[in-house]
Amino acid sequence: SKQQLAGIGISLSPLDGGNLLIANLVPGGPAALSREISRGQELVAVDGRLVKGSTVPQVIRLVLGPPGSQVLLKIRDEEGREREVAITRKAAPSPSKAPAAGG
């Protein structure tokens, strides 16, 4: 049986510098509910792996994991401060209608 993967409800877009921009948060998703992450911040690393130079699909694969597990994101805010945020993955409500990326 194919294990279901869960995300944290963020969408990403590439930045010139090689990091990824948190372009959007899914309302009611784990990232939005955490209140630790905002649109416009940069994603620097996922579980200690730097995202610089990775494509959005590659990073989404790092973010996805078993429902209920935690993913550690390193976020850089608009002032350039970096911090780590742990978010618990949650399956999308209706996988049939959810976008393939799920993140």
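Our subject in this report is the structure included herewith. Keep in mind that what you see is a predicted model, and the values were worked out from it rather than measured.

Bringing the pairing of strand E3 (residues 42-46) into the picture now. Counted residue by residue, E3 has four buried out of five residues, so it is predominantly covered. As paired strands, strand E2 (residues 20-25) and E3 are joined by two bridges and run antiparallel to one another. Along E3, the bridge assignment pairs leucine 20 with leucine 43. As paired strands, E3 and strand E5 (residues 70-76) are joined by four bridges and run antiparallel to one another. Across the sheet, the residue bridging to valine 46 is leucine 73, located in E5. Pairing of E3 with strand E4 (residues 49-50), which is carried by two bridges, proceeds in the antiparallel orientation. Among the inter-strand pairings, valine 46 is bridged to a residue of E4, identified as arginine 49. Hairpin connection from E3 to E4: two residues lie between these consecutive antiparallel strands, with aspartate 47 at a positive phi of about 50°.

Along the polypeptide, aspartate 77 turns up in the loop between E5 and strand E6 (82-88). Reaching out from aspartate 77, the side chain makes a polar contact with the backbone nitrogen of glutamate 79 at a distance of 2.9 Å.

Residues Leu12, Ile37, Leu43, Val46, Val59 and Leu73 are the most contacted members of the largest nonpolar core, which totals 20 residues. Where this core is concerned, the elements lending two or more residues are strand E1 (10-14), E2, E3, helix H2 (56-63), E5 and E6. When near neighbours in sequence (up to four residues on either side) are disregarded, valine 46 contacts Val51, Val59, Leu62, Val63, Val71, Leu72 and Leu73.

A positive phi is found at arginine 35, a non-glycine position, where the angle reads about 55°. Unlike most non-glycine residues, aspartate 47 shows phi in positive territory, near 50°. Examined against the element boundaries, aspartate 47 turns out to sit in the loop between E3 and E4. Owing to a relative accessible area of 42%, aspartate 47 belongs among the partly exposed residues under this scheme.

Procedures and definitions
- Residues numbered from 1 in each chain as written.
- Predicted model: local features only at pLDDT ≥ 70, side-chain atom pairs only at ≥ 80, totals over all residues.
- Heavy atoms only, no water.
- Buried < 20%, exposed > 50% of the residue type's maximum accessible area, 1.4 Å probe, protein only.
- Helix = DSSP H or I, 4+ residues; strand = E, 2+ residues; numbered from the N terminus.
- Pairing = 2+ DSSP bridges.
- Polar contact = N/O pair within 3.5 Å; in protein donor to acceptor, adjacent residues only side chain to side chain.
- Core = buried A, V, L, I, M, F, W, Y, C linked by side-chain atoms within 4.5 Å.
- Contact = heavy atoms within 4.5 Å.

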